[in-house]
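Fold and contact review
Listed below are the residues making up each chain.
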Amino acid sequence: MNKEEMVKEIRCLLKERNALLLAHNYQRDEIQEIADITGDSLGLSIEAANTDKDVVVFCGVHFMAESASILSPDKTVILPRMDAGCPMADMVDAEALAEKKKEIPGVPIVTYVNSTADVKAISDICCTSANAVKVVRSVDGDTVLMTPDKNLAQYVAKQVPEKNVTWWEGFCPTHHLLMPEEVIKAKEDNPGALFMAHPECAPEILEHADHICSTSGMYEFAKKTDAKKIIIGTEMGILYRLRKENPDKEFILPSDCLICPNMKLTTLEDLLESLQTMENVVKVPEEIRLPAKAALDRMLAVPRD
Ligand code: 13P
Ligand code: SF4
């Protein structure tokens, strides 16, 4: 089957199964091209919660499909590649976090959505890169523990100086590959270019950033800025829509290493097969789902702009 035939067959099956196709902003170009909706973790979880379709096909990584299943238990949630995980999510496990919780009674645990359902279940509230600052401001008390991303936590700590933000030692291995020298060189090579970066980048990268935001925040910033050249501090999948939506602007990737191998696993073949077999169902057991949903619901209740 060639690409065109495959796309046709996928579209046909999506209709037949009454399915919504969601794709994260880091997915391969051909997956983003065919998706009903592309977006960041926050945007996609809201779409998954609000759809009236029977099936949600999530082209992303495992925690994203889990979040969709937590929010929409009556829907069938399909992850085309069951082996698409997130190494950062695996850097905190529920047992270790439960131990920590005992040591710090009363300290709210703010968990990044890049986490497993059982970690969410013992957290007070979730956050994404798009709302982490607002979420931390919204919780009671002077101290919070953020899991699992130490970089997001350090970024939030700077934005919310009135709180003592502590963190777990997790990080995104992909964003950690970006070196400060690469950013400095890209800036030197492209005078006048702005640098926009994801808060999963290390503090020594973020100190060079002109704008720090979630992946969807990058689309908004790229549209409204007058800058004609923008250096990107996140996974290269973001380039597909940035270039499509801003043909008059140049987007520069400062490093060849900004590729998340897990996000790149899903191919059109995988998507087609998952729709044919409907076997790759992600379902969270009810005893985990309910407390995890409470943490996600608290996040979704935090007012957005
Ligand atoms: P956002 O798309 O929510 O900014 O998250 C980035 C990410 O790493 C997802 O895995
Ligand atoms: Fe996880 Fe980083 Fe890949 Fe996002 S980019 S899925 S945080 S490893």
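It should be noted that the structure appears before, not after, this text.
The present account deals with the structure reproduced in this document.

About the thresholds
- Residues numbered from 1 in each chain as written.
- Chains lettered and ligands numbered in written order.
- Predicted model: local features only at pLDDT ≥ 70, side-chain atom pairs only at ≥ 80, totals over all residues.
- Heavy atoms only, no water.
- Near = heavy atom within 4 Å.
- Nonpolar A, V, L, I, M, F, W, Y, C, P; charged D, E, K, R; others polar.
- Axes fitted to C-alpha atoms, helices over the stretch in contact; angles between N-to-C directions.
- Helix = DSSP H or I, 4+ residues; strand = E, 2+ residues; numbered from the N terminus.
- Parallel < 35°, antiparallel > 145°, perpendicular 65-115°, else oblique.
- Contact = heavy atoms within 4.5 Å.
- Buried < 20%, exposed > 50% of the residue type's maximum accessible area, 1.4 Å probe, protein only.
- Left-handed = near helix turned anticlockwise from the far one by under 90°.
- Polar contact = N/O pair within 3.5 Å; in protein donor to acceptor, adjacent residues only side chain to side chain.
- Areas by Shrake-Rupley, 256 points an atom, 1.4 Å probe, with all protein chains shown as cover.
- Core = buried A, V, L, I, M, F, W, Y, C linked by side-chain atoms within 4.5 Å.
- Pairing = 2+ DSSP bridges.
- Phe/Tyr/Trp six-rings, centres within 6.5 Å; stacked < 30°, edge-to-face > 60°.
- Lys NZ or Arg CZ within 6 Å of the ring centre and 35° of its normal.

1. A short note on the site of ligand 2
Within the structure, ligand 2 sits among Tyr26, Val61, Cys86, Pro87, Met88, Asn114, Cys172, Glu200, Cys260 and Met263. Residues belonging to the shell around ligand 2 are distributed by class as follows: 8 nonpolar, 1 polar and 1 charged.

2. Focus: the packing of helix H4 (residues 62–71) against helix H14 (residues 286–301)
Angle between the axes and distance between the axes: these two values describe a pair of packed helices. Closest axis-to-axis distance for the H4/H14 pair is 9 Å, and the angle between their directions is 95°. Classified by the interaxial angle, the pair formed by H4 and H14 is roughly perpendicular. Packed against H4, whose contacting residues are Ser67, Ser69, Ile70 and Leu71, the element H14 presents Arg289, Ala292, Lys293, Leu296, Asp297 and Leu300 at the interface. Its residues assigned to classes, the contact of H4 with H14 shows 5 nonpolar, 2 polar and 3 charged.

3. Re unusual backbone geometry
Of the consecutive residues threonine 147 and proline 148, the connecting peptide bond is found in the cis state with omega at -20°. Within the secondary structure, proline 148 sits in the loop between strand E7 (143–147) and helix H8 (150–159). Backbone geometry at asparagine 18 places phi at a positive 55°, although glycine is not the residue there. Assignment of secondary structure puts asparagine 18 in the loop between helix H1 (3–16) and strand E1 (19–24). Owing to a relative accessible area of 28%, asparagine 18 belongs among the partly exposed residues under this scheme.

4. Re the packing of H1 against helix H13 (residues 268–277)
In the contact formed by H1 and H13, the axes pass within 10 Å of each other and the chain directions differ by 35°. Pair H1 / H13 crosses with left-handed handedness. Contact residues: H1 offers Lys3, Met6, Val7, Glu9, Ile10, Leu13 and Leu14, while H13 offers Leu268, Glu269, Leu271, Leu272, Leu275 and Gln276. Of the residues belonging to the contact of H1 with H13, the class tally is 9 nonpolar, 1 polar and 3 charged.

5. With respect to the site of ligand 1
In the neighbourhood of ligand 1, 14 residues make up the surrounding shell, with His24, Ser41, Ser129, His198 and Thr215 lying closest. Contact distances for ligand 1 include 2.7 Å between an oxygen atom and a side-chain N or O atom of serine 129. One of the side-chain nitrogen or oxygen atoms of threonine 215 is found 2.6 Å away from an oxygen atom of ligand 1. For ligand 1, whose unbound accessible area comes to 300 Å², protein coverage reaches 96%. Its residues assigned to classes, the shell around ligand 1 comprises 5 nonpolar, 7 polar and 2 charged.

6. As for the side chain of asparagine 190
Mapped onto the elements, asparagine 190 comes out in the loop between helix H9 (180–189) and strand E9 (194–197). On the basis of relative accessibility, which here comes to 10%, the residue asparagine 190 falls in the buried class. Those residues in contact with asparagine 190 that lie beyond four places of it in its chain are Lys229 and Ile252.

7. Description of the nonpolar core
Residues Val110, Met146 and Val156 are the most contacted members of the largest nonpolar core, which totals 65 residues. Among the elements that make up this core, the one with the highest residue count is H4 (6 residues). Counting 19 residues, the second largest nonpolar core, distinct from the first, contains Met6, Ala19, Ile31 and Val57.

8. Focus on the sheet that holds E9
With parallel pairing, the 4 strands of this open sheet are ordered in space as E10-E9-E11-E12. Strands with a single pairing partner mark the edges of an open sheet, and in this sheet they are strand E10 (211–212) and strand E12 (250–252). Of the strand pairs in this sheet, strand E11 (residues 229–233) and E12 are connected by 3 bridges, and their pairing is parallel. Paired with isoleucine 231 across the bridge in E12 is isoleucine 252.

9. Let's talk about the packing of aromatic side chains
A complete count under the given rule lists 0 aromatic pairs for this structure. A cation over an aromatic ring shows up here: arginine 241 above the ring of tyrosine 219, its NZ or CZ 3.8 Å from the ring centre.

10. What about the pairing of E9?
Relative to E11, E9 runs parallel, the two being bridged by 4 bridges. Residue pairing in the sheet places alanine 197 in a bridge with glycine 233 of E11.

11. Some remarks on the sheet that holds strand E5 (residues 109–112)
In spatial order, the strands read E6-E5-E7-E8; together these 4 strands make up an open sheet with parallel pairing. Lying at the two open borders of the sheet, with one neighbouring strand each, are strand E6 (125–127) and strand E8 (164–167). Between one strand and the next, the sheet's axes are offset by a mean angle of 30°, whatever the strand orientation.

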